[in-house]
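# Secondary and tertiary structure notes
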Amino acid sequence: MIAANIRLSIEGKEVVLIRDVIGKAPSEKYTRQDEGSLHIWYEETVLTETREANPDAKVYGLWQTLIASGVIDLDQKLQVLYTNDSKDIGYYLYINSGVMQSGSIFNSELQSLPSSALTEEFSLDDAIILNSDESTLKLPAEQLKTQKEIVKQSLAKKKSNQQRSTMTVVLIIACGLAMDTFLDIQHEKQAQLFSALENKLTVTQDELASLAKRKRYNIPSQKETLTKLYNVTDSLHDEALSASFSLKSNEIVKVFVKNTNVNAARISMLASGDIQTVRVSPEQSVITWVNKNEN
């Protein structure tokens, strides 16, 4: 059985549960602490005295602990927790349309019931009895705090949020600066590359302009080659000729002729310093010379 203001062992820890209130605060001397979406009210003087009397124990609220343990059934209008074996003293929790209000049980009577509960004529016979076994309880996320501690925690949380916000801003600025630096470096590299290409293009254009100024069209003269070719072929029988020649300078011209008596006489007449005749077979001779075209 659990009760307020006695030492209990919950989840292996020594704790003391003090009386707290759900719903409206009984007076201005009560301090509020949030438990999820609910407001838990308690007397700060009782919290301080309990801490001083139990310096080695953690202090929580009774209803705060029951809520954290999942003992409360939100579908039940009236729930009670007895704190003695005779079941004439304890606490109740009344729920109507989602609104909660806690109170005390004294001499088997519900004290300070809300008007809606009085209208419905609720009694202890209509109540659901809550499990009071401390072995099934779980501790809330935070102990009860004084108003000063709540304000201090709120300021620390606000400061932490501000620091995180500041760090986020600093990180964003740092990332921005890093990106700007990176883009500047890339821009400088691109500018250097563009400048190098531009210089190379200028040099190339200058070289092309210089070549254009010096450009000449040299058409070699084919007069000598054509004259020799005409003289040779005109002196010989057409049906006896074949030739292999090029008009390019320094190329060898070859005229093949059949070895006939007439051709032999005419070939001897064509012989000169640069025209040569060679008998390549009993049936054929070749007349050769080298082109010396004038540029």
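Structure report, in brief.

Basis of the calculations
- Residues numbered from 1 in each chain as written.
- Predicted model: local features only at pLDDT ≥ 70, side-chain atom pairs only at ≥ 80, totals over all residues.
- Heavy atoms only, no water.
- Pairing = 2+ DSSP bridges.
- Helix = DSSP H or I, 4+ residues; strand = E, 2+ residues; numbered from the N terminus.
- Axes fitted to C-alpha atoms, helices over the stretch in contact; angles between N-to-C directions.
- Contact = heavy atoms within 4.5 Å.
- Polar contact = N/O pair within 3.5 Å; in protein donor to acceptor, adjacent residues only side chain to side chain.
- Salt bridge = Lys/Arg side-chain N within 4 Å of Asp/Glu carboxyl O.
- Buried < 20%, exposed > 50% of the residue type's maximum accessible area, 1.4 Å probe, protein only.

What follows covers the pairing of strand S2 (residues 13–18). Looking along a regular strand, one sees side chains alternate from face to face of the sheet. As defined by bridge partners, strand S1 (residues 7–10) adjoins S2 across 4 bridges and the pair is classed as antiparallel. Across the sheet, residue Leu8 finds its bridge partner in S2, namely Val15. The loop that links S1 with its antiparallel partner S2 comprises 2 residues; one of these, Glu11, has a positive phi angle of about 55 degrees. With 4 bridges joining them, S2 and strand S6 (residues 58–61) adopt parallel strand pairing. In the sheet register, Leu17 faces S6, and the bridge partner there is Tyr60.

If you walk across this open sheet you meet the 3 strands as S1-S2-S6, and the pairing is mixed. Sheet topology places S1 and S6 at the edges, where each strand pairs with a single neighbour. Looking at each pair of strands side by side, their axes are set apart by 45 degrees on average, direction ignored. The strands touched by helix H1 (residues 44–53) are S2 and S6; relative to S2, the strand with the most contacts, the crossing angle is about 150 degrees.

With that settled, the discussion passes to the side chain of Glu43. On the secondary structure map, Glu43 appears in strand S5 (residues 38–43). Polar side-chain contacts of Glu43 include one of 3.3 Å to the side chain of Lys29. Leave out the neighbours within four places in its chain, and Glu43 touches Lys29 and Tyr30.

Further remarks concern the pattern of salt bridges. Applying the stated criterion to the full structure yields 7 salt bridges. For Arg7, the salt bridge identified is with Glu14, shortest N-O distance 3.6 Å. Between Asp56 and Arg7 there is a salt bridge; the shortest N-O distance is 3.1 Å. In this pair, Asp56 sits in the loop between H1 and S6 while Arg7 sits in strand S1, placing the two residues 49 residues apart along the sequence. Under the relative-accessibility criterion, Asp56 is labelled exposed at 57%. Among the charged side chains, a network of salt bridges with common partners joins Arg7, Glu14 and Asp56.

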